[in-house]
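Report on the structure
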2 protein chains.
Amino acid sequence: MNEPRIVRVALLGAGSVGSQVARLLLEQADTFAQRAGARLELVGIAVRDPKRKRDTDLPAELFTDDAETLILQADFVIELMGGIEPARTLITQALESGADVVTANKALLANHGPELFALAERVGAQLHYEAAVAGAIPILRPLRENLAGDRIERVLGIVNGTTNYILDRMHTKGDSFEESLRIATELGYAEADPTADIEGFDAQHKAAILASIAFHTNVKLEDVYCEGITGVSIDQINDAKRAGFVVKLLAICERAVEASGTESVSARVYPALVPESHPLASVHGGNNAVFVESAAAGSLMFYGAGAGGVETASAVLGDLVTAARRHVLGGPGLGESMDANLPHRPISEVDTRFQIALAVTDEPGALAKIATTFAEHAVSIATLEQTNDGDRASLVIVTHRATEGALQALVAALESSSAIHEVQGVLRVEGSN
Amino acid sequence: MNEPRIVRVALLGAGSVGSQVARLLLEQADTFAQRAGARLELVGIAVRDPKRKRDTDLPAELFTDDAETLILQADFVIELMGGIEPARTLITQALESGADVVTANKALLANHGPELFALAERVGAQLHYEAAVAGAIPILRPLRENLAGDRIERVLGIVNGTTNYILDRMHTKGDSFEESLRIATELGYAEADPTADIEGFDAQHKAAILASIAFHTNVKLEDVYCEGITGVSIDQINDAKRAGFVVKLLAICERAVEASGTESVSARVYPALVPESHPLASVHGGNNAVFVESAAAGSLMFYGAGAGGVETASAVLGDLVTAARRHVLGGPGLGESMDANLPHRPISEVDTRFQIALAVTDEPGALAKIATTFAEHAVSIATLEQTNDGDRASLVIVTHRATEGALQALVAALESSSAIHEVQGVLRVEGSN
């Protein structure tokens, strides 16, 4: 048998994902060599401080702080540093030097995807980033390749494990948001600074990437409307539960057809009510799932663990081994087809249903007044539940479909209505008609 | 802009899948051209009788009965005739003539996969068959590519919609097998001759394909143990239900480690008890789902509609558009890596748990006698439920893990025991420890 070919791999970053990738590359070298048709030789790991004591058995001589030199020695660069810089510059240098690139960097892809895709296409290099969305769950390749001959209508994703853990705990245990966050932090589901997760920014990045691939359109991060879960109260969760819904933070990517017949894309992130019977409703704890509706394939769901270190490493190595096989056999990367180039649909034009919780005054005819206000704003009521606590009445109303614009006008009118003490909360409803 | 390239596509077969593929190729020509980087021109459809009146609007001039000549005009051949011959000969001719091939033919792949993979690799052609397993649900590409850097331990698949519909109906409505089959036929979930579905043969083909890809090993069809659902009684379903289980026909592909440390592969199809809390338990009606356990990625599930005409067409067209893009950009197909080449583990050595239903005689000490028989065969009892109907007692026992060999010996001993009237049924338990 011939001496197998060697593919030289440079790793940028040795955090929780990077150290797992390095470990598996060394431990599974023989297996990967068989699958890729070439030995994947780890030539170095670039980190900020190579001398730092690390909690791994990785050979000390692999570590370097000179990423730029390391890149020049590599056929493949795996970027796991995260953040925009220096990742953007290093990936650009890697592609320009002729290397193929695998990354898990959602922020970079969501902000600078198009320039990197164009560069990879120009130089004929491969650029893979399956690990950037939903950890180990295969979702980008299935959207891009398996559904290449279909028409995707909608993607609903639970793509952030921290917020799913918190919302699931509120729903199943009845804990408040603050208490659920505290426990999530204790158990390692939330980081010390949970802002990026609970404010929805992490999901916003993933929504931009999902929408871009699903609709062959460059969806800009700033065009993804984003609300986090910090405003979700236990009352809203319980109102939803009583009405047969579960609250989930969703990344929603939707193809819309305007009245004129032209199509547009809406991408948005917010906590939404999902019917209990919907497959996404039974995604518990820190798990992720992506639900896809397409014209021919119908409804599909992809489900699995969120983005832990070893799970994300699985996705990175899947990209690496597959791309190395392609590298050995020849031929450029497939590139991203962004040719549909659909316009952006602003959140104000998006149609959904709403759950609105109202504290009502004891004014006679309050309910009639409220119903009139809804009618005046052309928002139609689907269900209404009234509860009385002493002389204070609460109303929980679930509407039929209405635009976000109509809803905002309605809420403003309700807030100034003498029939209403307070608009206690508004949540959107997804996954039902 | 340059005139786009043309990729010539020949279609073999115009049944429920083929006619949908042809329709979508014509209707979506512009979209596919953008995605593939070439116009996909349908050059002809080979059928047995081109003159037959068809229930489609497809142009009559596309039809021909001369598949061999049609193939020679094509860059891509889509084979949707099903069955071994003439599909095998035509695909071989297509690959030899330099065409890339997309097929949904599970029987052909399960019986002759290795020879076709070898031929495709030798000529540098692409051979895709995502549609052969679980219709539109992306599963083969995720297993092959996304999990290429992981170690798959087990695949549990509900890959036959007919049997899932029947078992789900028995579980949820309490109908008998015969009644459920009758309704499945009425509603179009079962074919006029349901043998291939209810005897498990369809799932057996899919298990061979799944196991081959998951374990990089040529798993032969005849090495896939197969039991269908015709012997599943409503009593067994109800016994399972009371114990917290749902009965599903599963295609099981498992990596096993022998006492010697060498690894082997077991592939098998049978109706099995699945715990109610398992994600597969909530796959209802005619849907399919594949649950994958792997070392790094953990548990993943892929869920969607079974193999309807338009759903399967989605998978075929996904392969076609992706492969056409590869064809235009250059480079050969990735091929199948069957290099692990693990040995086959026979069903007699497979370890599972069992549900055993027994009709017990009124002999004094019958239960002690039965318990002794279990102990003598080293099969340990996990739960036991006794019900009395007049002077006839029934026992439903769920065991801890035991080999199939030990189980068979136990059942033989039970059948000849004076304590037992009848061994009423045995079902395996999967998805629990």
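Here goes a summary of the coordinates provided. Source: prediction; values computed, not measured. (Residues numbered from 1 in each chain as written. Chains lettered and ligands numbered in written order. Predicted model: local features only at pLDDT ≥ 70, side-chain atom pairs only at ≥ 80, totals over all residues. Heavy atoms only, no water.)

1. Some thoughts on the overall build of chain A
Within chain A, the secondary structure is distributed over 14 helices and 17 strands. The C-alpha radius of gyration computed for chain A amounts to 24 Å, which stays within 12% of the reference 22 Å derived for 433 residues, consistent with globular compactness. With the C-alpha coordinates aligned to their principal axes, the bounding extent of chain A is approximately 90 × 50 × 35 Å. Looking at the 433 residues of chain A, the share that counts as buried comes to 58%. Looking at chain A alone, contacts between residues at least 24 apart form 73% of all its contacts between residues at least 6 apart. As displayed, chain A offers around 16700 Å² of accessible surface, 48% of which is attributable to carbon and sulfur atoms. (Helix = DSSP H or I, 4+ residues; strand = E, 2+ residues; numbered from the N terminus. Rg over C-alpha atoms; globule rule 2.2 N^0.38 Å. Buried < 20%, exposed > 50% of the residue type's maximum accessible area, 1.4 Å probe, protein only. Contact = heavy atoms within 4.5 Å. Areas by Shrake-Rupley, 256 points an atom, 1.4 Å probe, with all protein chains shown as cover.)

2. Quick word on the nonpolar core
Most often, soluble globular proteins have nonpolar side chains that are buried together. Core analysis: the biggest nonpolar cluster contains 162 residues, and A:Ile139 and B:Ile139 have the highest contact counts within it. Here B:Ile139 is in contact with B:Glu130, B:Val133, B:Ala134, B:Leu210, B:Val290, B:Val292 and B:Phe302, once residues within four sequence places are set aside. Core analysis: the next-biggest nonpolar cluster, separate from the first, contains 34 residues, A:Leu25, A:Phe32, A:Ala323 and A:Ala324 among them. (Core = buried A, V, L, I, M, F, W, Y, C linked by side-chain atoms within 4.5 Å.)

3. Considering the packing of helix α7 (residues 161–173) of chain A against helix α11 (residues 234–242) of chain A
Residues and elements named next belong to chain A. Direction vectors running N to C along α7 and α11 enclose 65°, while the axes themselves pass 9 Å from each other. Accordingly, the angle class assigned to the pair α7 and α11 is roughly perpendicular. In this structure, α7 crosses over α11, and the sense of that crossing is right-handed. Across the interface between the two elements, Leu167, Met170 and His171 from α7 touch Ile234, Ile237 and Lys241 from α11. Split into classes, the residues belonging to the contact of α7 with α11 amount to 4 nonpolar, 1 polar and 1 charged. (Axes fitted to C-alpha atoms, helices over the stretch in contact; angles between N-to-C directions. Parallel < 35°, antiparallel > 145°, perpendicular 65-115°, else oblique. Left-handed = near helix turned anticlockwise from the far one by under 90°. Nonpolar A, V, L, I, M, F, W, Y, C, P; charged D, E, K, R; others polar.)

4. Quick look at the sheet that holds strand β4 (residues 76–79) of chain A
Residue and element names in this part refer to chain A. Judged by pairing direction, the sheet is parallel, and its 6 strands sit side by side in the order β3-β2-β1-β4-β5-β6 without closing on themselves. With partners counted over all chains shown, the strands left at the sheet margins are β3 (63–64) and β6 (127–128), one partner each. Pairing geometry for strand β1 (residues 5–12) and strand β2 (residues 38–46), over 8 bridges, is parallel. Bridged to Val7 within β2 is Leu40. Against the sheet, helix α1 (residues 16–27) touches β1, β2 and β4, its axis set at about 145° to β2. Helix α4 (residues 87–96) contacts β1, β4 and β5 (100–103) of the sheet and is inclined by roughly 150° relative to β5. (Pairing = 2+ DSSP bridges.)

5. Side note on the relation of the copies chain A and chain B
Screw-axis analysis of chain A against chain B gives a translation of 0.0 Å along the axis, an RMSD of 0.0 Å, and a rotation angle of 180°. Those values place the two copies in the arrangement expected of a two-fold rotation axis. Rotation axis and chain A: the residue whose C-alpha lies nearest the axis is A:Gly331, separated from it by 2.0 Å. Interface overlap between copies: 100% of the residues of chain A at the interface are likewise at the interface in chain B, consistent with a symmetric, same-surface contact. (Least-squares fit on C-alpha atoms with pLDDT ≥ 70 in both.)

6. Section: the sheet that holds strand β2 (residues 38–46) of chain B
Residues and elements named next belong to chain B. Across the sheet, which stays open at both edges, the 6 strands sit in the order β3-β2-β1-β4-β5-β6 with parallel pairing between neighbours. Both outer strands of the open sheet, β3 (63–64) and β6 (127–128), are each paired with one neighbouring strand and no more. Sheet topology places β2 next to β3; 2 bridges connect them, and they run parallel. Bridge assignment links Ala46 to a residue of β3, and that residue is Thr64.

7. Some thoughts on the interface of chain A and chain B
Every contact between the two is made by 47 residues of chain A and, on the other side, 47 residues of chain B. Around 4200 Å² of area is buried between chain A and chain B when both sides are counted, 53% of it from carbon and sulfur atoms. With a closest N to O distance of 3.1 Å, B:Glu145 and A:Arg141 form a salt bridge. Taken together, chain A and chain B are joined by 22 residue pairs in polar contact (both at pLDDT 80 or more). No other element matches the 10 residues that helix α12 (residues 309–329) of chain A contributes to the side of chain A that touches chain B. Split into classes, the residues belonging to the side of chain A that touches chain B amount to 22 nonpolar, 14 polar and 11 charged. Relative to strand β12 (residues 298–304) of chain B, strand β12 (residues 298–304) of chain A runs antiparallel, the two being bridged by 5 bridges. Bridge pairing in β12(B) places A:Met301 opposite B:Tyr303. (Buried area = accessible area lost by both parts, 1.4 Å probe. Salt bridge = Lys/Arg side-chain N within 4 Å of Asp/Glu carboxyl O. Polar contact = N/O pair within 3.5 Å; in protein donor to acceptor, adjacent residues only side chain to side chain.)

8. Structural notes on the environment of A:Ala368
Residues and elements named next belong to chain A. Topologically, Ala368 is positioned in helix α13 (residues 366–376). The class for Ala368 is partly exposed, based on a relative accessible area of 49%. On a C-alpha basis, the gap between Ala368 and Thr195 in space is 41 Å, while along the polypeptide they are 173 residues apart.

9. Some words on the pairing of β1(A)
With 4 bridges connecting them, β1(A) and β4(A) associate as parallel partners. Bridge pairing links A:Leu11 to A:Ile78 in β4(A).

10. Remarks on helix α5 (residues 106–123) of chain B
Residue and element names in this part refer to chain B. With 18 residues, α5 extends just 22 Å between its outermost C-alpha atoms, more than 12% less than the 26 Å of an ideal straight helix rising 1.5 Å per residue. Of all the bends in α5, the greatest reaches close to 85° and is centred on His112; the proline Pro114 follows between one and four positions later. Along α5, the positions that sit buried rather than exposed are Ala107, Leu108, Leu109, Ala110, His112, Gly113, Leu116, Phe117, Leu119 and Ala120. Those residues of α5 hidden inside the fold are in contact with β4 (76–79), α4 (87–96), β5 (100–103), β6 and α10 (201–214). Sitting at the amino-terminal end of α5 is Asn105, which places a side-chain oxygen 3.3 Å from the backbone nitrogen of Ala107. (Expected span 1.5 Å × (residues − 1). Bend = angle between axes of the 7 residues up to and from the residue.)

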